[in-house]
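Secondary and tertiary structure notes
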Amino acid sequence: MHRRRRTALLLTAAIAAAAPLLTACGSDAHPGAAAVVGGERITVSQLENRVGEVRAAQRAAVPDEAQYQQAIARTGSLTRDTLHGMVLDRVLEHAARNAGVTVTDREIQQMRSGLEEQAGGAEGLEAAWLQQYGIPPQRLEENLRLQLQAQKLAQSLGTDTSRPEFWQALSKAGKELDVDLNPRYGDWDVGKSSRVDAKTPWVRDVTATAGGPADAVRP
């Protein structure tokens, strides 16, 4: 099963069963970086902040402690899924630029209005995106822009986002960007445009404490 199906990029749920965090004891090739994409770092701090946004939104949406703990359990792999999404977003943006694809603010608002109508309003849409795709309210329009980029990229290729031609364009973009993940988060499979678990002897599994500080990455 390709992990691409677990990102919000293609409007599929990033909710997964609880999974252990990874921690590494060796030295990093890029100290402080969770990933390097196109020579630019996604820092561990940036990753933690993004995960923290989701946890804060979940807490606000589910004030009941028992329900919040259930939400934590359902998204136990949130840190790794979030990094997957952050990297894939950059790969998609690069592929879209290669194809000359642009998205306007008007298009984003039109898409949002249509989705809000289906969801019964702005709050309903925000709640659905948080629960189903792990996207907090403040990241909603950013994600809608990516949705439109994916759709328009596929259209420019004469295909759709489920077809190999679309993923080949992402694979090409990933090669050009030379994606490099910190081993504690796995490897980047360029062919699949997907994060995969790395098999490294110095990496050990650690079970995270439920409700810990934003699924913080541990050194």
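Up top is the structure.
Everything in this summary refers to the structure shown in the same document. Fair warning: this is a prediction, and the values are worked out from it, not measured in the lab. (Residues numbered from 1 in each chain as written. Predicted model: local features only at pLDDT ≥ 70, side-chain atom pairs only at ≥ 80, totals over all residues. Heavy atoms only, no water.)

**Structural notes on the nonpolar core**
In globular proteins that are soluble, nonpolar side chains generally tend to be buried together. Counting 33 residues, the largest nonpolar core has Leu83, Val87, Val91, Phe166, Leu170 and Val179 as the members making the most contacts within it. Those elements that provide at least two residues to this core are strand E2 (33–37), helix H1 (44–61), helix H3 (78–98), helix H6 (140–156) and helix H7 (164–177). Per-element accounting of this core gives the leading share, nine residues, to H3. Contact partners of Val179, with chain neighbours within four places excluded, come to Val36, Val37, Val87, Val91, Gly174 and Trp188. Counting eleven residues, the second-largest nonpolar core is a separate cluster that includes Leu125, Trp129, Tyr133 and Leu140. (Core = buried A, V, L, I, M, F, W, Y, C linked by side-chain atoms within 4.5 Å. Buried < 20%, exposed > 50% of the residue type's maximum accessible area, 1.4 Å probe, protein only. Helix = DSSP H or I, 4+ residues; strand = E, 2+ residues; numbered from the N terminus. Contact = heavy atoms within 4.5 Å.)

**With respect to the environment of Leu181**
Within the fold, Leu181 resides in strand E4 (residues 180–181). Sequence-wise, Leu181 and Val37 are 144 residues apart; in three dimensions their C-alpha atoms are separated by 8.5 Å. Not counting chain neighbours up to four residues away, the residues in contact with Leu181 comprise Ala34, Ala35, Leu83, Val87, Gly186, Asp187, Trp188 and Arg195.

**Concerning the side chain of Arg50**
Here Arg50 shows up in helix H1. Classification of Arg50 as buried rests on a relative accessible area of 19%. When near neighbours in sequence (up to four residues on either side) are disregarded, Arg50 contacts Thr82, Met86, Arg139 and Glu142.

**Some words on the pairing of E2**
Here is the key point about a regular strand: its side chains alternate between the two faces of the sheet. Taken across its five residues, E2 has five buried, putting it largely inside the fold. Of the strand pairs in this sheet, E2 and strand E3 (residues 40–43) are connected by four bridges, and their pairing is antiparallel. Across the sheet, the residue bridging to Val37 is Glu40, located in E3. Two successive antiparallel strands, E2 and E3, enclose a turn made up of two residues, where Gly38 displays a positive phi of approximately 60°. Relative to E4, E2 runs antiparallel, the two being bridged by two bridges. Considered in E4, the bridge of Val36 is made with Asp180. (Pairing = 2+ DSSP bridges.)

**Here's the deal with the sheet that holds E3**
Strand pairing in a sheet takes place through backbone hydrogen bonds and is either antiparallel or parallel in direction. One open sheet accounts for three strands, arranged E3-E2-E4; its pairing is antiparallel. Of all strands in the sheet, those with a lone pairing partner are E3 and E4, marking the two edges. H1 contacts E2 and E3 of the sheet and is inclined by roughly 50° relative to E3. Contacting E2, E3 and E4, H3 runs over the sheet at an angle of about 160° to E3. (Axes fitted to C-alpha atoms, helices over the stretch in contact; angles between N-to-C directions.)

**A short note on unusual backbone geometry**
With glycine set apart, most residues show a phi of negative sign, and most peptide bonds adopt trans. Backbone geometry at Asp178 places phi at a positive 55°, although glycine is not the residue there. By secondary structure assignment, the location of Asp178 is in the loop between H7 and E4.

**Section: H6**
Relative to the 24 Å expected for 17 residues at 1.5 Å per residue, H6 spans 24 Å between its end C-alpha atoms, a close match to the ideal helical length. When H6 is considered as a whole, its buried residues turn out to be Leu140, Asn143, Leu144, Leu146, Gln147, Leu148, Gln149, Ala150, Leu153 and Ala154. As for H6, its buried residues are in contact with H3, helix H4 (105–119), helix H5 (122–133) and H7. Gly158 lies just past H6 and shows a positive phi near 70°. (Expected span 1.5 Å × (residues − 1).)

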